[in-house]
Amino acid sequence: MLNPFEFQQARVKQVVFKSRLRSVLYGVRPAEPDLCALPANPLHQWVEQHLRPSYPAAAELPQLDAALRRQLARGQALLDQYRRGRIEEARAGLSAIDTDAAEIDGLLQALERRGAAA
C-alpha cells in the first residue's frame, strides 16, 4: 500500500501539469512537445509505476485512466486553440482542466482511503 506522502506526490504532479499548461496559454513559456502526451505525463508514469502495482484490482483505476486521458486530450485541444490564435477561448477552457483535476483528485482520495483502511 502507498502512504499519504506518495499520494501527495501524485497531487503535486497534477498541479505541475496544470501550471505548465496555464503558463503556455498565458504566454509565459513555450509548450513542451510532449506536455499532453500520455506516456510522458508524470502523473501517468506515477500511476503505472506506483499505484497500479499497489492497487491492481481497484475499481477506480479505469476511471482514473479515463479522467487523465480526458484531461490530456482537453489540454491538447486548448494548446491547439492557442496556436490557432483563439487565445481567450483556450484560456477559458482551463476550467474544464480544473474539473478533470478535481475528478482525478477524488479518485486518488478514494484509493488513499482504501489504503488507510487496509
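Cut-offs used in this document
- Residues numbered from 1 in each chain as written.
- Predicted model: local features only at pLDDT ≥ 70, side-chain atom pairs only at ≥ 80, totals over all residues.
- Heavy atoms only, no water.
- Phe/Tyr/Trp six-rings, centres within 6.5 Å; stacked < 30°, edge-to-face > 60°.
- Helix = DSSP H or I, 4+ residues; strand = E, 2+ residues; numbered from the N terminus.
- Buried < 20%, exposed > 50% of the residue type's maximum accessible area, 1.4 Å probe, protein only.
- Lys NZ or Arg CZ within 6 Å of the ring centre and 35° of its normal.
- Core = buried A, V, L, I, M, F, W, Y, C linked by side-chain atoms within 4.5 Å.
- Contact = heavy atoms within 4.5 Å.
- Expected span 1.5 Å × (residues − 1).
- Bend = angle between axes of the 7 residues up to and from the residue.
- Polar contact = N/O pair within 3.5 Å; in protein donor to acceptor, adjacent residues only side chain to side chain.
- Axes fitted to C-alpha atoms, helices over the stretch in contact; angles between N-to-C directions.
- Parallel < 35°, antiparallel > 145°, perpendicular 65-115°, else oblique.
- Left-handed = near helix turned anticlockwise from the far one by under 90°.
- Nonpolar A, V, L, I, M, F, W, Y, C, P; charged D, E, K, R; others polar.

1. As for the packing of aromatic side chains
Item 1. By the definition in use, this model includes 2 aromatic pairs.
Item 2. Arranged with centres 5.8 Å apart and planes meeting at 65°, the rings of Phe-7 and Trp-46 form a pair that is edge-to-face. Of the two residues, Phe-7 sits in helix α1 (residues 4-25) while Trp-46 sits in helix α2 (residues 42-54), which places them 39 residues apart along the sequence.
Item 3. Exposure remark for Phe-7: the relative accessible area of 0% places this residue in the buried category.
Item 4. Put simply, the rings of Phe-7, Trp-46 and Tyr-55 pair up and form one aromatic cluster.
Item 5. The ring of Tyr-26 has Arg-91 lying over it, and the distance from NZ or CZ to the ring centre is 4.2 Å.

2. With respect to the nonpolar core
Item 1. By size, the foremost hydrophobic cluster in this structure holds 30 residues, and its most contacted members are Phe-7, Leu-21, Trp-46, Leu-51 and Leu-108.
Item 2. If we skip the residues at most four places from it in the chain, Leu-21 touches Leu-35, Gly-75, Leu-78, Leu-79, Leu-94 and Ile-97.

3. Structural notes on α2
Item 1. If you check α2, its first and last C-alpha atoms are 17 Å apart, about what 13 residues at 1.5 Å a residue would give, namely 18 Å.
Item 2. Its maximal kink placed at Glu-48, α2 deviates by approximately 40°.
Item 3. Every buried residue belonging to α2 is among Leu-43, His-44, Trp-46, Val-47 and Leu-51, and all of these are buried.
Item 4. The backbone nitrogen of Leu-43 has a side-chain oxygen 3.0 Å away, supplied by the residue at the start of α2, namely Asn-41.

4. Description of the packing of α1 against helix α3 (residues 60-83)
Item 1. For the pair α1 and α3, the least separation of the axes is 10 Å and the interaxial angle reads 15°. As summarised for this structure, α1 and α3 are arranged roughly parallel, according to the angle between their axes. Between α1 and α3 the crossing geometry is left-handed. Contacts between α1 and α3 involve Gln-14, Phe-17, Lys-18, Leu-21, Val-24 and Leu-25 on the former and, on the latter, Gln-71, Leu-72, Gly-75, Leu-78, Leu-79 and Tyr-82.
Item 2. A per-class count over the contact of α1 with α3 returns 8 nonpolar, 3 polar and 1 charged.

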